[in-house]
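# Fold and geometry: a report
So the chains spell out like this:
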Amino acid sequence: LALAATPRGKPAPDPDKAFERQEAVLQFISGYSETPEPAKLPAAVRGMVRHGLLKDPEKAGVYTGFMAGVIGQSDDPNALVAAFFPMPPVEQIVLVKAIAFSGLADWKGVLGRIVERMPARKVILKKYLYGDGKPLADLAVDDPFFIDANWGYYFATGRPAPIVRIVSILSLASDGNETEKVTLGAMAKFTFASNAARDKVLLDIAKAEMNRQPEAVRRHLREVIAAAELYELSTLREDAFKRIEEIRRLGSEAKRTWTTWGQAGTTVLALGCVAASALGQVQFGIPCVVGGALSTAAVNYLGPER
């Protein structure tokens, strides 16, 4: 049938070749909501695996969220998920979370149907099927996974809900008690502004939320909107740096905090560069790195000195 469906009996093209380059995976993600192609997701995921983008599940939040969004909108999520296999055991952790984050009413049913294909993942399967594993909408706002996973879901769906969740944590940027929250809020603010500078839909969401959010959030939202409309992100960067510098002066505990929390939102910065066709270049003053460690330069740029 495959041969008959192609001209003169030529074999169908290999879908994996479309994702031989890492940049192609990122471009697929950044432009997905405008031209959804769910049938290409399994090949894109295999590309993510080949390029090592899922080898550290704790730093794969944006890919997890993206997969979740596509799965959640699929007409046949069971068939789509089945097409990911075979899949390496470590990367299967990302798939488990993506299904849980999908927003599907029957996400546990979808997950339960592939349990036998993931014998090495019994612990995390038990956590999400029978324990306290949470869907994306219930993820704690102070979770380092929060920013990237919600951005990934937005890239897949274009829906405002994940962005509204990110907006809700902007006030953390001025938290005076917990260093983790300051760092998370600053990165949420910076990534939102850098993406909104290129995405009118995000700007519209930000302006609409000005009528809904409490003043503690609106204060930061005004700065995000102004920075995005004027293409002036340096002010946000300087403000974030000052706050993080205060954290740095607290000593070694603060540095350990940054090592963990400073990764939040960094993949989003790289994807933003892809969306702006600025691979490997400086876009709005943010170093864009597409390589083994996405946006490591962005972390060093925004974060405190070591």
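Above this text you will find the structure in question.
What this report covers is the structure whose coordinates are included nearby. The model shown is predicted, which means the values in this text are computed figures rather than measured ones.

## As for the overall build of the protein
Along the backbone of the protein there are 16 helices and two strands. Counting over 306 residues, the protein shows a buried share of 51%. Here the contacts in the protein between residues at least 6 apart in sequence split such that 68% fall between residues at least 24 apart. About 14,100 Å² of surface is accessible on the protein, with carbon and sulfur atoms providing 52% of the total.

## Here's the deal with the environment of Ala206
Tracing the chain through its elements places Ala206 in helix α11 (residues 200–209). Residue class for Ala206 comes out buried when judged on its relative accessible area of 1%. Counting along the chain gives 46 residues from Ala206 to Pro160, while the straight-line C-alpha distance between them is 9.7 Å. Apart from residues no more than four positions distant in its own chain, Ala206 is found in contact with Phe192, Leu221 and Ile225.

## Structural notes on the packing of helix α5 (residues 89–101) against helix α7 (residues 122–130)
Two elements in contact, α5 and α7, have axes separated by 10 Å at closest approach and are oriented at 5°. Here α5 lies roughly parallel to α7, going by the angle between them. In this structure, α5 contributes Ile93, Val96, Lys97, Ala100 and Phe101 to the contact, and α7 contributes Ile124, Leu125 and Tyr128. Among the residues making up the contact of α5 with α7, the classes are represented as seven nonpolar, no polar and one charged.

## Thoughts on unusual backbone geometry
Cis geometry is adopted by the peptide bond preceding Pro86, which originates at Phe85 and carries an omega value of 0°. Within the chain, Tyr231 stands out as a residue other than glycine whose phi angle is a positive 55°. Considering the arrangement of structural elements, one finds Tyr231 in the loop between α12 (215–230) and α13 (234–248). You can call Tyr231 partly exposed: its relative accessible area is 48%.

## Observations regarding the pattern of salt bridges
Evaluation of the coordinates by the stated rule reveals 11 salt bridges. Between Arg46 and Asp16 there is a salt bridge, with its nearest N and O atoms 3.0 Å apart. With Arg46 in helix α2 (residues 41–50) and Asp16 in the segment before α1 (22–30), this residue pair connects regions lying 30 residues apart in the sequence. Among the residues examined, Arg46 registers a relative accessible area of 28% and is labelled partly exposed. Take Asp16: its relative accessible area is 17%, and that puts it in the buried class.

## Topic: the packing of aromatic side chains
One pass over the full model with this rule turns up nine aromatic pairs. Judged by centre distance (5.4 Å) and plane angle (75°), the ring pair of Phe28 and Tyr32 falls under edge-to-face. For the pair Trp151 and Phe192, a centre-to-centre distance of 6.2 Å together with 70° between the ring planes defines the contact as edge-to-face. Taken together, the positions of Trp151 in helix α8 (residues 146–157) and Phe192 in helix α10 (residues 179–196) put the pair 41 residues apart, joining distant regions of the chain.

## Looking at the side chain of Ser74
Of note, Ser74 is situated in the loop between α3 (61–73) and α4 (77–82). Given a relative accessible area of 16%, Ser74 falls into the buried group. Among the polar contacts made by the side chain of Ser74, one reaches the main-chain amide nitrogen of Asp76 at a distance of 3.1 Å.

Rules used in this analysis
- Residues numbered from 1 in each chain as written.
- Predicted model: local features only at pLDDT ≥ 70, side-chain atom pairs only at ≥ 80, totals over all residues.
- Heavy atoms only, no water.
- Helix = DSSP H or I, 4+ residues; strand = E, 2+ residues; numbered from the N terminus.
- Buried < 20%, exposed > 50% of the residue type's maximum accessible area, 1.4 Å probe, protein only.
- Contact = heavy atoms within 4.5 Å.
- Areas by Shrake-Rupley, 256 points an atom, 1.4 Å probe, with all protein chains shown as cover.
- Axes fitted to C-alpha atoms, helices over the stretch in contact; angles between N-to-C directions.
- Parallel < 35°, antiparallel > 145°, perpendicular 65-115°, else oblique.
- Nonpolar A, V, L, I, M, F, W, Y, C, P; charged D, E, K, R; others polar.
- Salt bridge = Lys/Arg side-chain N within 4 Å of Asp/Glu carboxyl O.
- Phe/Tyr/Trp six-rings, centres within 6.5 Å; stacked < 30°, edge-to-face > 60°.
- Polar contact = N/O pair within 3.5 Å; in protein donor to acceptor, adjacent residues only side chain to side chain.

Nothing here speaks to function; it is all geometry.
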